[in-house]
Amino acid sequence: MGLVGETVDSIKSIQIRQLLTQAISLGMIVTSALIIWKALICVTGSDSPVVVVLSESMEPGFQRGDILFLHMSKDPIRAGEIVVFNIDGRDIPIVHRVIMVHERENTGEVDVLTKGDNNPEDDRLLYAKGQLWLNRHHIMGRAVGFLSYVGWVTIIMTEKPIIKYILIGTLGLLVISSKD
Amino acid sequence: MHSFGYRANALLTFSVTALAFICAIASLSDNFSNQNPSAEIQILNINRFKKQSYENDEVSLTLDISADLESLFTWNTKQVFAFVAAEYETPKNSLNQVSLWDAIIPDKEHAKFRIQTSNKYRFIDQGHNLRGKEFNLTLHWHVMPKTGKMFADKIVMPGYSLPDAYK
């Protein structure tokens, strides 16, 4: 009874004002993270300015768990560039290198073929059925820089969602129980 | 103020900031390196030049590629990806680039090389425009750093051409 009574007392002693202040600071942190993310999307011109490398198809250059910084400009797509693209019907973007470019005379439209450095064959097997080339609208960005190992956090949280819940749960508990 | 939580938080923030700073500096240092790579490509032989059954021209050739890319390697270089592409113009397409051969150069010791090889990837046109076509062979290189910004450049070697008739 004593333990329960103490817990009830401590809950009652949380002032409404303090709770609101904490909620607002939490909201501010989340909102500023969102602002930074959207600003990055704007500046880099790509829907997804940072991606995590998930497969070994670009080894030894890009290992699983590296993150890539993307940039999309109106510059024409040229052979050798490392591009990130989406295949219709699949939601995971692929990061491979362009090995063939055919650019139309007048319209500037372009047919592109890609291949992973570590793959024996080009990507036609990965494209949608009957698709032989990629076009500009498939491409989300060019890789311009990279950092190793940072992406492992995302990979672990996606492949073992339990860790995500544990993390959020602990953070929530910390927020509630801290006294400032 | 001195609880474990605060200290751990401060330590973590500081170390992440310091790491990010070091990565940025490492990347910047690449801008100061002097680079003067050189290369030469000869076409040894046109092996096959035909029209595929579904109407696109295809060429198979043997190349003699020699290059010295040692100056591209800095302390922040993880590997250099080099490839040779044929570039040409056709009535329908203002630019065609077809990669013929590529290699990953992992370190400075392997950066000066000479090889004779047939094209690794098929040289197929969109159409049948290749008879008598003049084209450039370019050697491109992409430097992939240990961290930071990647950069790329190329050497263009003009003046190659294909035979006027299928073979």
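Residues numbered from 1 in each chain as written. Chains lettered and ligands numbered in written order. Predicted model: local features only at pLDDT ≥ 70, side-chain atom pairs only at ≥ 80, totals over all residues. Heavy atoms only, no water.

Visitor: Describe the overall build of chain A, and please don't skip the residues or the numbers.
Guide: Looking only at helices and strands, chain A has 4 helices and 6 strands in total. Taken from N to C terminus, the helices and strands of chain A fall in the order α-α-β-β-β-β-β-β-α-α. By its C-alpha atoms, chain A is 80 × 30 × 30 Å across when sized along the principal axes. Long-range contacts, defined as pairs at least 24 residues apart, comprise 54% of the intrachain contacts of chain A with a sequence gap of at least 6. Surface accessibility of chain A: about 11300 Å² in total, with carbon and sulfur atoms responsible for 67%. (Helix = DSSP H or I, 4+ residues; strand = E, 2+ residues; numbered from the N terminus. Contact = heavy atoms within 4.5 Å. Areas by Shrake-Rupley, 256 points an atom, 1.4 Å probe, with all protein chains shown as cover.)

Visitor: Account for the pairing of strand S4 (residues 94-104) of chain A, with residues named and values stated.
Guide: Counted residue by residue, S4 of chain A has 10 buried out of 11 residues, so it is predominantly covered. Examined bridge by bridge, strand S3 (residues 82-85) of chain A and S4 of chain A share 4 bridges and lie antiparallel to one another. Residue pairing in the sheet places Val-84 of chain A in a bridge with Val-95 of chain A of S4 of chain A. As paired strands, S4 of chain A and strand S5 (residues 110-115) of chain A are joined by 6 bridges and run antiparallel to one another. Within the sheet, the bridge partner assigned to His-102 of chain A lies in S5 of chain A and is Asp-111 of chain A. Taking the residues that link successive antiparallel strands as the turn, the S4 of chain A-S5 of chain A hairpin has 5 residues, and the phi of Gly-108 of chain A there is positive, at about 75°. Relative to strand S4 (residues 93-105) of chain B, S4 of chain A runs antiparallel, the two sharing 5 bridges. The residue of S4 of chain B that forms the bridge with Glu-103 of chain A is Leu-95 of chain B. (Buried < 20%, exposed > 50% of the residue type's maximum accessible area, 1.4 Å probe, protein only. Pairing = 2+ DSSP bridges.)

Visitor: Quick one: what's the story with the side chain of His-96 of chain A, residue by residue and with numbers?
Guide: Residues and elements named next belong to chain A. Mapped onto the fold, His-96 is located in strand S4. For His-96, a relative accessible area of 1% puts it in the buried group. Here Ser-57 takes part through its side chain, which lies 2.8 Å from a polar atom of the side chain of His-96. Side chain to side chain, His-96 and Asp-123 meet in a polar contact 2.6 Å long. The residues contacting His-96, other than those within four sequence positions of it, are Ser-57, Met-58, Glu-81, Ile-82, Val-83, Phe-85, Thr-114, Lys-115, Gly-116, Asn-119, Asp-123 and Leu-126. (Polar contact = N/O pair within 3.5 Å; in protein donor to acceptor, adjacent residues only side chain to side chain.)

Visitor: I'd like to hear about the pattern of salt bridges, residue by residue, with values.
Guide: In the structure shown here, the tally under the stated rule is 8 salt bridges over all chains. Where Glu-103 of chain A meets Arg-78 of chain A, a salt bridge forms, and the shortest distance between an N and an O atom there is 3.2 Å. One end of the pair, Glu-103 of chain A, is in strand S4; the other, Arg-78 of chain A, is in the loop between strand S2 (67-71) and S3, with 25 residues separating them in the sequence. For Lys-120 of chain B, the salt bridge identified is with Asp-102 of chain B, shortest N-O distance 2.8 Å. One end of the pair, Lys-120 of chain B, is in the loop between strand S5 (112-118) and strand S6 (123-124); the other, Asp-102 of chain B, is in strand S4, with 18 residues separating them in the sequence. In this structure Asp-102 of chain B comes out as buried when scored by relative accessible area, which is 8%. (Salt bridge = Lys/Arg side-chain N within 4 Å of Asp/Glu carboxyl O.)

Visitor: Go over the layout of surface pockets with me, naming the residues and quoting the values.
Guide: Residues and elements named next belong to chain A. Of the pockets and cavities examined, the second largest pocket occupies roughly 590 Å³. In this structure, the second largest pocket is lined by 25 residues; those nearest its centre are Val-52, Leu-54, Ser-55, Ile-92 and Pro-93. Of all the secondary-structure elements, those providing two or more residues to the lining of the second largest pocket are strand S1 (50-52), S4 and helix H3 (152-159). Among the elements that line the lining of the second largest pocket, the one with the most residues is H3, at 4 residues. (1 Å grid on protein atoms, 1.4 Å probe; cavity = no way out; pocket = protein on both sides within 12 Å on 5 of 7 lines; lining within 4 Å. Points joined across faces, edges and corners; volume = space filled by probe spheres on them.)

Visitor: So what's going on with the domain arrangement of chain A? Which residues, and what values?
Guide: Per the domain assignment, the segments making up chain A are domain 1 (1-44), domain 2 (50-148) and domain 3 (150-179). Taking only C-alpha atoms into account, the centre of domain 1 of chain A sits 41 Å from that of domain 2 of chain A. (Domains from an automatic or database assignment.)

Visitor: I'd love a proper account of a nonpolar patch on the surface, names of residues and values included.
Guide: Residues and elements named next belong to chain A. There is a patch of nonpolar side chains on the surface, built from Tyr-149, Trp-152, Ile-156, Ile-162, Ile-163 and Ile-166 and spanning about 620 Å² of accessible area. Put simply, the parts of the chain that give the nonpolar patch at least two residues each are H3 and helix H4 (161-177). Ranked by residues supplied to the nonpolar patch, first place goes to H4 with 3 residues. Inspection of the secondary structure assignment puts Ile-162 in helix H4. A relative accessible area of 55% means that Ile-162 is categorised as exposed. (Patch = residues over 30% accessible without salt bridge, like charges linked within 9 Å, V, L, I, M, F, W, Y side chains within 5 Å.)

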